[in-house]
Amino acid sequence: MAMKNLGGSYTFPGTTMTVNRMGYGAMQLAGPGVWGPPKDVDQAVAVLREAVESGVNHIDTSDFYGPHVTNQIIRQALHPYEDGLVIVTKVGARRGDDKSWIHARGRQELIDAVHDNLRNLGLDALDIVNLRMGGMSDPVEGTIAPQMETLAELQQQGLIKHIGVSTMSATQIKEAQEIAPVVCVQNFYNVAQRGDDALVEDLAKQGIPYVPYFPLGGFTPLQSGVLDEVAKDLSKTPMQVALAWLLHRSPNVLLIPGTGSLGHLRENLSAAELVLPVEVIAKLDAVGKKQ
Ligand SMILES: NC(=O)c1ccc[n+]([C@@H]2O[C@H](COP(=O)([O-])OP(=O)(O)OC[C@H]3O[C@@H](n4cnc5c(N)ncnc54)[C@H](OP(=O)(O)O)[C@@H]3O)[C@@H](O)[C@H]2O)c1
């Protein structure tokens, strides 16, 4: 099937996987606090199906969303998966009974997490597994070698096709690349959160996708007078402008905005067509520069 255009496309390096730059993040499909089932499972299924029908072929998930729930909904909605759909998952955390997020970075924990993802997604091999290190949203320096070596072993066993990394510093990404090829980097970044500006460009030179999480601000949606003003002038929403700015930021930026709402899904996907005038980009560039 011909690929619909959603913000242009990008190929994960060293792979045959080409995806539209506008993808979808599935974390919001679980219940409140990313815990338990959503209020309306049918709606969650409908959001996923419409995303794929509209051209989304890059879905980001994890088995610790829910836990298990998000992957099970993806399987219910989309299995058997169509050719060309790339499902990216992540390991390195688990959930406590009190809904907390706990590091799970021991060898056996990583192996178990890969098997949980395989079982709940209904796959024999995972397309891309991101090794999630760091704190809640920022990298924490220190070696990532033991974890990366475990994922490389699972890759050699054929359970993982490709490896990505998440919430890592430039130094840690280099260390990871010495152990196995890294096909994408997923860090916290958006128009107001620009700590990774240099990294985005360095990865672009290497042909590696940079996939910002919380592209709309995450649990606390972006609030900016400049975004509001620009959106009003363009007759778009602030969220569409925030996504269009990211698409403009660098060709290696791939988007995975999250939503449990069909209305927001449509709004977000249509941001792929929004071309921002030069003077608007200059105004938006200034939003995060202060930090
Ligand atoms: N690697 C990591 O550590 C990490 C961490 C966090 C997230 N992620 C990944 O990144 C993806 C994106 O992050 P995210 O979903 O947390 O944050 P996000 O995409 O920045 O924002 C999602 C939030 O914005 C709302 N929203 C979405 N579209 C909207 C619109 N058009 N207008 C108004 N509100 C809108 C959503 O609520 P509604 O549901 O009501 O639309 C939700 O509350 C996740 O799905 C996950 O796959 C990875």
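A quick note: this is a predicted structure, and the numbers were derived from the prediction, not measured.

*Asks:* Where do I start with the packing of aromatic side chains in this structure?
*Replies:* Each pair of aromatic rings is reported with the distance of its centres and the angle of its planes. Under the definition given, this model contains 9 aromatic pairs. Residues Phe-64 and Tyr-65 carry aromatic rings whose centres are separated by 5.5 Å and whose planes lie at 85° to one another, so their mutual orientation is edge-to-face. Given a relative accessible area of 8%, Phe-64 falls into the buried group. Members of the aromatic cluster, joined through ring pairs, are Phe-188, Tyr-213, Phe-214 and Phe-219. For Arg-95, the ring lying beneath its charged end belongs to Trp-101, and the centroid distance is 3.7 Å.

*Asks:* Explanation requested: a nonpolar patch on the surface in the structure shown.
*Replies:* Together, Trp-101, Met-136 and Phe-219 make up a nonpolar patch on the protein surface, roughly 360 Å² of accessible area in all. Classification of Met-136 by relative accessible area gives exposed; the value is 64%.

*Asks:* When you look at the layout of surface pockets in this model, what are you seeing that I'm missing?
*Replies:* Take a probe with the size of a water molecule and roll it over the atoms, and the empty space left behind shows itself. In this structure, the largest pocket encloses a volume near 810 Å³. Taken together, 39 residues line the largest pocket, and the ones lying closest to its centre are Met-27, Gln-28, Phe-214, Gly-218 and Phe-219. Listing elements by their share of the lining of the largest pocket, those giving two or more residues are strand E7 (101-103) and helix H9 (262-270). The residue inventory of the lining of the largest pocket, partitioned by class, reads 18 nonpolar, 16 polar and 5 charged. What lines the second largest pocket is a set of 23 residues, among which Glu-82, Asp-83, Gly-84, Leu-85 and Val-86 lie closest to the centre. Elements with a minimum of two residues in the lining of the second largest pocket: strand E2 (18-20) and strand E5 (86-91). For the lining of the second largest pocket, the residue count by class is 12 nonpolar, 6 polar and 5 charged.

*Asks:* It is not clear to me how the site of the ligand should be interpreted in this structure. Could you clarify?
*Replies:* Around the ligand sit 25 residues in total, of which Asp-60, Arg-132, Leu-216, Thr-259 and His-264 are the nearest. Taking Gly-25, its main chain carries an N or O atom lying 3.2 Å from an oxygen atom of the ligand. At a separation of 3.0 Å, an oxygen atom of the ligand approaches a polar side-chain atom of Gln-28. Relative to its unbound accessible surface of 900 Å², the ligand loses 86% to contact with the protein. Taking a 2 Å distance to the grid points as the criterion, the majority of the atoms of the ligand fall inside the largest pocket.

*Asks:* Explain the pairing of E5 here, please?
*Replies:* The side chains of a regular strand alternate between the sheet's two faces. The element E5 is extensively covered by neighbouring structure, given that 6 of its 6 residues are classed as buried. On E5, burial covers both faces: Val-86, Val-88 and Lys-90 on one face and Ile-87, Thr-89 and Val-91 on the other are all buried. Pairing of strand E4 (residues 58-60) with E5, which is carried by 3 bridges, proceeds in the parallel orientation. Bridge pairing links Ile-59 to Ile-87 in E5. What joins E4 to E5 is helix H2 (residues 69-78), and the crossover it makes is right-handed.

*Asks:* Explain helix H7 (residues 225-234) to me, please; I cannot follow it from the model alone.
*Replies:* One turn of an α-helix holds 3.6 residues; hence residues three or four places apart share an orientation. The complete set of buried residues in H7 reads Leu-227, Val-230 and Ala-231. Seen from one end, H7 has its buried residues packed into an arc of 100°, which puts them on one side. Turned more than 90 degrees off the buried face of H7, the exposed positions are Gly-225, Lys-232 and Asp-233. Tucked into the core, H7 has its buried residues touching helix H8 (238-249) and helix H10 (278-289). The residue sitting at the N-terminus of H7 and contributing the capping side-chain oxygen is Ser-224; that oxygen lies 3.2 Å from the backbone nitrogen of Val-226. Just downstream of H7, Ser-235 is the residue with a positive phi angle, here 55°.

The rules we used
Residues numbered from 1 in each chain as written. Predicted model: local features only at pLDDT ≥ 70, side-chain atom pairs only at ≥ 80, totals over all residues. Heavy atoms only, no water. Phe/Tyr/Trp six-rings, centres within 6.5 Å; stacked < 30°, edge-to-face > 60°. Buried < 20%, exposed > 50% of the residue type's maximum accessible area, 1.4 Å probe, protein only. Lys NZ or Arg CZ within 6 Å of the ring centre and 35° of its normal. Patch = residues over 30% accessible without salt bridge, like charges linked within 9 Å, V, L, I, M, F, W, Y side chains within 5 Å. Areas by Shrake-Rupley, 256 points an atom, 1.4 Å probe, with all protein chains shown as cover. Salt bridge = Lys/Arg side-chain N within 4 Å of Asp/Glu carboxyl O. 1 Å grid on protein atoms, 1.4 Å probe; cavity = no way out; pocket = protein on both sides within 12 Å on 5 of 7 lines; lining within 4 Å. Points joined across faces, edges and corners; volume = space filled by probe spheres on them. Helix = DSSP H or I, 4+ residues; strand = E, 2+ residues; numbered from the N terminus. Nonpolar A, V, L, I, M, F, W, Y, C, P; charged D, E, K, R; others polar. Near = heavy atom within 4 Å. Polar contact = N/O pair within 3.5 Å; in protein donor to acceptor, adjacent residues only side chain to side chain. Sits in = over half its atoms within 2 Å of the grid points. Pairing = 2+ DSSP bridges. Right-handed = clockwise from strand over helix to strand, strands pointing away. Arc of directions from axis to C-beta. Contact = heavy atoms within 4.5 Å.

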